[in-house]
Amino acid sequence: AQKITQTQPGMFVQEKEAVTLDCTYDTSDQSYGLFWYKQPSSGEMIFLIYQGSYDEQNATEGRYSLNFQKARKSANLVISASQLGDSAMYFCAMREPYILTGGGNKLTFGTGTQLKVEL
Amino acid sequence: EAQVTQNPRYLITVTGKKLTVTCSQNMNHEYMSWYRQDPGLGLRQIYYSMNVEVTDKGDVPEGYKVSRKEKRNFPLILESPSPNQTSLYFCASRGGDHGYTFGSGTRLTVV
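In this report, we go over the structure that sits alongside the text.

What counts, and where the lines are drawn
- Residues numbered from 1 in each chain as written.
- Chains lettered and ligands numbered in written order.
- Predicted model: local features only at pLDDT ≥ 70, side-chain atom pairs only at ≥ 80, totals over all residues.
- Heavy atoms only, no water.
- Helix = DSSP H or I, 4+ residues; strand = E, 2+ residues; numbered from the N terminus.
- Rg over C-alpha atoms; globule rule 2.2 N^0.38 Å.
- Patch = residues over 30% accessible without salt bridge, like charges linked within 9 Å, V, L, I, M, F, W, Y side chains within 5 Å.
- Areas by Shrake-Rupley, 256 points an atom, 1.4 Å probe, with all protein chains shown as cover.
- Salt bridge = Lys/Arg side-chain N within 4 Å of Asp/Glu carboxyl O.
- Buried < 20%, exposed > 50% of the residue type's maximum accessible area, 1.4 Å probe, protein only.
- Core = buried A, V, L, I, M, F, W, Y, C linked by side-chain atoms within 4.5 Å.
- Disulfide = S-S within 2.5 Å.
- Contact = heavy atoms within 4.5 Å.
- Buried area = accessible area lost by both parts, 1.4 Å probe.
- Polar contact = N/O pair within 3.5 Å; in protein donor to acceptor, adjacent residues only side chain to side chain.

## Section: the overall build of chain A
Then, in step 1: Counting secondary structure elements, chain A contains 0 helices and 12 strands.
Then, in step 2: Element order for chain A, N to C, with α for helix and β for strand: β-β-β-β-β-β-β-β-β-β-β-β.
Then, in step 3: In terms of C-alpha radius of gyration, chain A reaches 14 Å, essentially the compact-globule figure of 14 Å for 119 residues.
Then, in step 4: Projected onto its principal axes, the C-alpha positions of chain A cover 50 × 30 × 25 Å.

If you want it as structure tokens, here you go:
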């Protein structure tokens with residue numbers, strides 16, 4: 001079974017600094033997808049970035065980049081130039097490979113990291 | 001606008017009183033699912049549906065029912081809610097390679 005581990009329950013970062021949120025995953029499948037979501041205090045889930053297991057380049061989306069190290073099974077999120085609005089809960093998730101027996105689109109989530117950006 | 005709409009956003013109910021949380025998507029997605037979010041546990045899948053009339057259990061299905069009579073709707077039914085079902089619930093649909101869309105969430109409190 002797939003598993004996602006986020007070992008940092010909470011983190012602080014100063015405004016304008018970069019921050020790395022850790023995520024490791026466990027899967028025996030070769031084809032998978034990795035996601036990061038942001039959840040502000042209002043509760044909605046906001047998609048940030050996606051990395052496919054066969055993607056050779058690390059994914060980037062604006063100030064977000066994903067440091068994908070396949071051999072180490074890690075998919076850390078890097079936020080550059082942190083802003084006060086980045087304060088939120090961040091979830092790492094993995095998509096289960098498509099299989100004919102069902103559940104093929106399931107996302108497995110980590111427990112999240114609460115990020116606080118300070119002045 | 002492409003979206004997943006959940007209702008209600010907030011609900012306080014009493015133990016044992018049947019309730020339904022509605023979920024509707026306008027993207028013609030085949031796959032839909034329900035998750036619950038609890039502190040320290042992340043999001044866990046309750047039920048999912050691969051298409052109309054095709055549903056299956058996720059990781060934490062006990063105490064929940066779903067139906068998928070139409071492609072756009074995927075309601076979550078709690079026939080006899082209990083306090084341990086107090087949680088934040090999300091409906092999601094998937095289209096394309098990695099295009100998951102989440103609803104805004106339903107905060108349910110069972111007293």
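What follows continues from the structure just given.
## Describing a nonpolar patch on the surface
Then, in step 1: A surface patch of nonpolar side chains, amounting to about 310 Å² of accessible area, comprises Ile12(B), Val14(B) and Val111(B).
Then, in step 2: By the secondary structure assignment, Ile12(B) is in strand β2 (residues 10–13).

## Regarding unusual backbone geometry
Then, in step 1: Geometrically, the link from Asn7(B) to Pro8(B) is a cis peptide bond, its omega value of 0° lying close to zero.
Then, in step 2: The phi dihedral of Lys73(A) is positive, around 55°, even though this residue is not glycine.
Then, in step 3: Relative to the helices and strands, Lys73(A) is located in the loop between β8 (64–69) and β9 (74–79).
Then, in step 4: Accessibility expressed as a relative area gives 29% for Lys73(A), which makes it partly exposed.
Then, in step 5: Residue Asn28(B) is not a glycine yet carries a positive backbone phi of 60°.

## Overview of the nonpolar core
Then, in step 1: One finds Tyr25(A), Leu34(A), Trp36(A), Ile49(A), Leu77(A), Tyr90(A) and Leu115(A) to be the most contacted residues of the largest nonpolar core, which totals 25 residues.
Then, in step 2: Broken down by secondary-structure element, the contributors of at least two residues to this core are β2 (10–14), β3 (19–21), β5 (33–39), β6 (46–52), β8, β9, β10 (88–95) and β12 (113–118) of chain A.
Then, in step 3: With 4 residues, the top contributor of residues to this core is β10(A).
Then, in step 4: Listed in part, the 19 residues of the second largest apolar core include Leu19(B), Cys23(B), Leu76(B) and Val110(B).

## Points about the side chain of Asp86(A)
Then, in step 1: Among the secondary structure elements, Asp86(A) is positioned in the loop between β9 and β10.
Then, in step 2: Overall, Asp86(A) belongs to the buried group, its relative accessible area being 2%.

## Structural notes on the state of the cysteines
Residues and elements named next belong to chain B.
Then, in step 1: Taken as a whole, this structure holds 2 disulfides over all chains when the rule is applied.
Then, in step 2: Between the sulfur of Cys 23 and that of Cys 91 lies a disulfide, 1.8 Å long from S to S. Every disulfide takes its handedness from the sign of the S-S torsion; for Cys 23 and Cys 91 that torsion is -70°, giving left-handed. Of the two residues, Cys 23 sits in strand β3 (residues 19–25) while Cys 91 sits in strand β9 (residues 87–95), which places them 68 residues apart along the sequence.

## Quick look at the interface of chain B and chain A
Then, in step 1: Chain B puts 21 residues into the contact, and the matching count from chain A is 22 residues.
Then, in step 2: Buried surface at the junction of chain B and chain A, summed over both partners, amounts to about 1800 Å²; 55% is from carbon and sulfur atoms.
Then, in step 3: In this assembly, chain B and chain A are joined by 1 salt bridge.
Then, in step 4: The closest approach of N and O atoms between Lys106(A) and Asp59(B), which form a salt bridge, is 2.6 Å.
Then, in step 5: Linking chain B with chain A are 3 residue pairs in polar contact (both at pLDDT 80 or more), by the criterion used here.
Then, in step 6: Looking at the side of chain B that touches chain A, the elements with two or more residues in it are β4 (31–38), β5 (42–51), β9 and β10 (99–102) of chain B.

## A closer look at the pattern of salt bridges
Then, in step 1: Enumeration over the complete set of coordinates arrives at 7 salt bridges over all chains.
Then, in step 2: Measuring nitrogen to oxygen at the nearest pair gives 4.0 Å for the salt bridge that ties Lys73(A) to Asp26(A). Here the residue Lys73(A) occupies a position in the loop between β8 and β9, and Asp26(A) occupies one in strand β4 (residues 24–26), the gap between them amounting to 47 residues.
Then, in step 3: With relative accessibility at 42%, the residue Asp26(A) sits in the partly exposed group.
Then, in step 4: If you follow the salt bridges from partner to partner, you end up with Lys18(B), Lys65(B) and Glu79(B) in one network.

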